[in-house]
Amino acid sequence: MAPNASAPAPNDLSNWWMPFTDNRYFKANPRQLVAAKDMHYTAADGRQVLDGTAGLWCVNAGHGRERITAAIKAQAELMDFAPSFQVGHPAAFQLAARLADIMPDGLDRIFFTNSGSESVDTALKIALAYWRARGEGQRTRLIGRERGYHGVGFGGISVGGILSNRRAFGPGLPGTDHLPHTHDLARNAFSRGQPAHGAELADRLEALIALHGADTIAAVIVEPLAGSTGVLVPPVGYLERLRAITAQHGILLIFDEVISGFGRLGAATAAERFGVTPDIICLAKGLTNAAVPMGAVATGRHVYDGIVHGAGDAPGIELFHGYTYSAHPLACAAALATLETYADEGLFARAHSLEQHWETALHALRELPHVIDVRNFGLVAGIELVPIAGQPGARGQALFRAMFDSGLLIRVTGDIIALSPPLIIDAAQIDEIADRLAVGLHGLA
């Protein structure tokens, strides 16, 4: 047989349509990663690259953890796949129980998904199904927040508030509305921890309730700490006020903790850290240390009971929703091993203990060129740069490329640097991140 002249050559970059990527630029200037261990990636040219982003907010226990890879291998040899419709397997129930143990009190019913986007869409559907099961099917409105990121499903982009994630895809779900975001450079620049100003922005929910009627609103969804939109830390009292208003009007409150869960803020969840318990929590990323894709939705028992027991003695499926790979055996094995790793190594407490050093090191950058804000909470930080006139995002991209080439992986959202290292980071590596950023900022045009 003659060779296929159209077949790609080895290492051909043309076929993969990369997500959230400037494909034209990348394929002309590729930066590839070929290995990872602990706090570092290895680039294609052999350089070590310090991971300042835990991959993509997800490798919380560091790379290449042997316990996790061994668990995946053992499960693959035992049983590679099991359907989860009308049958189950032990690891799924073990994992649900283990997750319930670290969720806030009462949020002990767990639905498994495969990503943060699926977790959000699942949570929204559960909220709608809950009200229908209670005989209040008119509650269909969903309230998100400006600058919110809730994944890329149609539900997630509808309640989300990042314009570029919505612009090309039509109007989205009907019946959505948005709270204002909490970012306030004029009053809160260079806040250490929770900013002092902005709790009153939660009161805008009262205006939306007056406009639409509480009896039409199914749920409010927010990220307790917004990550992908540039690290927006909740003002003191803001989340408490949202919880009080939703409880007063009988509206479900959903926390999207895809980023903030599993130690990122020094606790199992942001709900625990901030002392505010929602009705539903969306999870993913750090659940499996990113070794196998997986997400989960933790719901209050009242939500589960409202749907599952709401039909009384009527037989049949209570919630017509799920995924082929819900509670995939390999993902369950990875998650169980990940949770054991967090617990045995005390990584949530470790993150909490490093907060002060992290804060001090990064706030030392405040006087450097182009920096207009530094904000932090837990092991997360955002460094906002003044945009180049007429070229929003260009300065951030220039710094991203310069940092990668110098051996540091950061994430940028427009002109905001987002940092979220693995929880195994040490003080010297925190200082290294700050030092490398200082050099990079001095070198920016």
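Residues numbered from 1 in each chain as written. Predicted model: local features only at pLDDT ≥ 70, side-chain atom pairs only at ≥ 80, totals over all residues. Heavy atoms only, no water.

1. Considerations on the overall build of the protein
Line of reasoning, step 1. A count of helical and extended segments in the protein gives 15 helices and 15 strands.
Line of reasoning, step 2. Here the C-alpha atoms of the protein give a radius of gyration of 22 Å, agreeing with the 22 Å that 2.2 N^0.38 yields for 445 residues.
Line of reasoning, step 3. Dimensions of the protein, computed from the C-alpha atoms along their principal axes, are close to 65 × 65 × 50 Å.
Line of reasoning, step 4. The long-range fraction of contacts in the protein, counting pairs at least 24 apart against all pairs at least 6 apart in sequence, stands at 74%.
Line of reasoning, step 5. Split by element, the accessible area of the protein, about 19300 Å² in all, is 56% carbon and sulfur. (Helix = DSSP H or I, 4+ residues; strand = E, 2+ residues; numbered from the N terminus. Rg over C-alpha atoms; globule rule 2.2 N^0.38 Å. Contact = heavy atoms within 4.5 Å. Areas by Shrake-Rupley, 256 points an atom, 1.4 Å probe, with all protein chains shown as cover.)

2. Quick word on the side chain of Thr-299
Line of reasoning, step 1. Along the chain, the position of Thr-299 falls in strand E10 (residues 295-299).
Line of reasoning, step 2. Here Thr-299 is in contact with Gly-106, Leu-107, Asp-108, Arg-109, Ile-126, Asp-279, Ile-280 and Tyr-304, once residues within four sequence places are set aside.

3. Regarding the nonpolar core
Line of reasoning, step 1. Of all hydrophobic cores here, the largest spans 98 residues; its most connected members are Leu-99, Leu-362, Ile-383, Leu-419 and Leu-437.
Line of reasoning, step 2. For this core, the element with the most residues is helix H12 (residues 329-345), which contributes nine residues.
Line of reasoning, step 3. If near-sequence neighbours (up to four positions away) are discounted, Leu-99 is found in contact with Ile-110, Phe-112, Phe-262, Leu-283, Leu-287, Ala-296 and Leu-339.
Line of reasoning, step 4. In terms of nonpolar packing, the next biggest core, distinct from the first, is built from 21 residues, Ala-123, Ala-127, Val-258 and Ala-284 among them. (Core = buried A, V, L, I, M, F, W, Y, C linked by side-chain atoms within 4.5 Å. Buried < 20%, exposed > 50% of the residue type's maximum accessible area, 1.4 Å probe, protein only.)

4. Quick word on the sheet that holds strand E11 (residues 371-377)
Line of reasoning, step 1. Sheet architecture is open: four strands sit in the order E11-E12-E15-E14, paired in antiparallel fashion. At either end of the open sheet lies a strand with only one pairing partner, and these are E11 and strand E14 (411-413). Neighbour-to-neighbour, the strand axes of this sheet turn through a mean angle of 20 degrees, independent of strand direction.
Line of reasoning, step 2. As judged from the four bridges shared by strand E12 (residues 380-385) and strand E15 (residues 416-419), these two strands associate in the antiparallel manner. What sits directly across from Gly-382, in E15, is Ala-418. (Pairing = 2+ DSSP bridges. Axes fitted to C-alpha atoms, helices over the stretch in contact; angles between N-to-C directions.)

5. Focus: H12
Line of reasoning, step 1. The first and last C-alpha atoms of H12 sit 24 Å apart over 17 residues, in line with the 24 Å expected at 1.5 Å per residue.
Line of reasoning, step 2. Of all 17 residues in H12, 13 are buried; the element is thus mostly enclosed.
Line of reasoning, step 3. Where H12 ends, the next residue or the one after it, Gly-346, has phi of about 55 degrees, a positive value. (Expected span 1.5 Å × (residues − 1).)

6. Comments concerning the sheet that holds strand E1 (residues 33-37)
Line of reasoning, step 1. Within the open sheet, the four strands sit side by side as E1-E2-E3-E13. Their pairing is mixed. Of all the strands in the sheet, just E1 and strand E13 (408-409) have a single pairing partner and so form its edges.
Line of reasoning, step 2. In this structure, strand E2 (residues 40-43) lies alongside strand E3 (residues 48-51), joined through three bridges in antiparallel fashion. Among the inter-strand pairings, Thr-42 is bridged to a residue of E3, identified as Gln-48.

7. Let's talk about the packing of aromatic side chains
Line of reasoning, step 1. Within this structure, the stated rule accounts for five aromatic pairs.
Line of reasoning, step 2. Ring centres 5.0 Å apart and planes at 35 degrees place the aromatic pair Phe-274 and Phe-377 in the tilted group. Taken together, the positions of Phe-274 in helix H10 (residues 270-274) and Phe-377 in strand E11 put the pair 103 residues apart, joining distant regions of the chain.
Line of reasoning, step 3. The exposure class assigned to Phe-377 is buried, which follows from its relative accessible area of 8%.
Line of reasoning, step 4. Positioned above the aromatic ring of Tyr-304, the side-chain terminus of Arg-109 is 5.3 Å from the ring centre. (Phe/Tyr/Trp six-rings, centres within 6.5 Å; stacked < 30°, edge-to-face > 60°. Lys NZ or Arg CZ within 6 Å of the ring centre and 35° of its normal.)

8. Structural notes on the environment of Thr-246
Line of reasoning, step 1. With respect to the element layout, Thr-246 can be found in helix H9 (residues 238-248).
Line of reasoning, step 2. Overall, Thr-246 belongs to the buried group, its relative accessible area being 0%.

9. Some words on unusual backbone geometry
Line of reasoning, step 1. Non-glycine residue Val-231 carries a positive phi angle of around 60 degrees.
Line of reasoning, step 2. With respect to the helices and strands, the residue Val-231 is situated in the loop between strand E7 (217-222) and H9.

10. Some points on the pattern of salt bridges
Line of reasoning, step 1. Under the counting rule described, the total for this entry stands at 20 salt bridges.
Line of reasoning, step 2. For Arg-139, the salt bridge is made with Glu-136, and the minimal N-O distance between the two is 3.0 Å.
Line of reasoning, step 3. The partner of Asp-279 in a salt bridge is Arg-243, and the shortest N-O contact between them spans 3.1 Å. Of the two residues, Asp-279 is situated in the loop between H10 and strand E9 (280-283) and Arg-243 in helix H9; the sequence distance between them amounts to 36 residues.
Line of reasoning, step 4. Given the relative accessible area of 9%, Asp-279 is considered buried.
Line of reasoning, step 5. Beyond isolated ion pairs, a larger network of salt bridges with shared partners links Asp-108, Arg-109 and Arg-301. (Salt bridge = Lys/Arg side-chain N within 4 Å of Asp/Glu carboxyl O.)

11. Brief notes about the pairing of E2
Side-chain positions along a regular strand alternate between the two faces of the sheet.
Line of reasoning, step 1. Inspection of the sheet shows E1 paired to E2 by four bridges, in the antiparallel sense. When the sheet's bridge partners are listed, Ala-35 is paired in E2 with Thr-42.
Line of reasoning, step 2. Between E2 and the antiparallel strand that follows it, E3, lie four residues; Gly-46 among them carries a positive phi value of about 95 degrees.

12. Considerations on the side chain of His-321
Line of reasoning, step 1. With respect to the helices and strands, the residue His-321 is situated in the loop between helix H11 (301-308) and H12.
Line of reasoning, step 2. Polar side-chain contacts of His-321 include one of 2.7 Å to the side chain of Thr-122.
Line of reasoning, step 3. At a separation of 3.4 Å, a polar atom in the side chain of His-321 contacts the side chain of Tyr-323.
Line of reasoning, step 4. With sequence-adjacent residues up to four places away left out, His-321 is seen in contact with Phe-111, Thr-122 and Lys-125. (Polar contact = N/O pair within 3.5 Å; in protein donor to acceptor, adjacent residues only side chain to side chain.)

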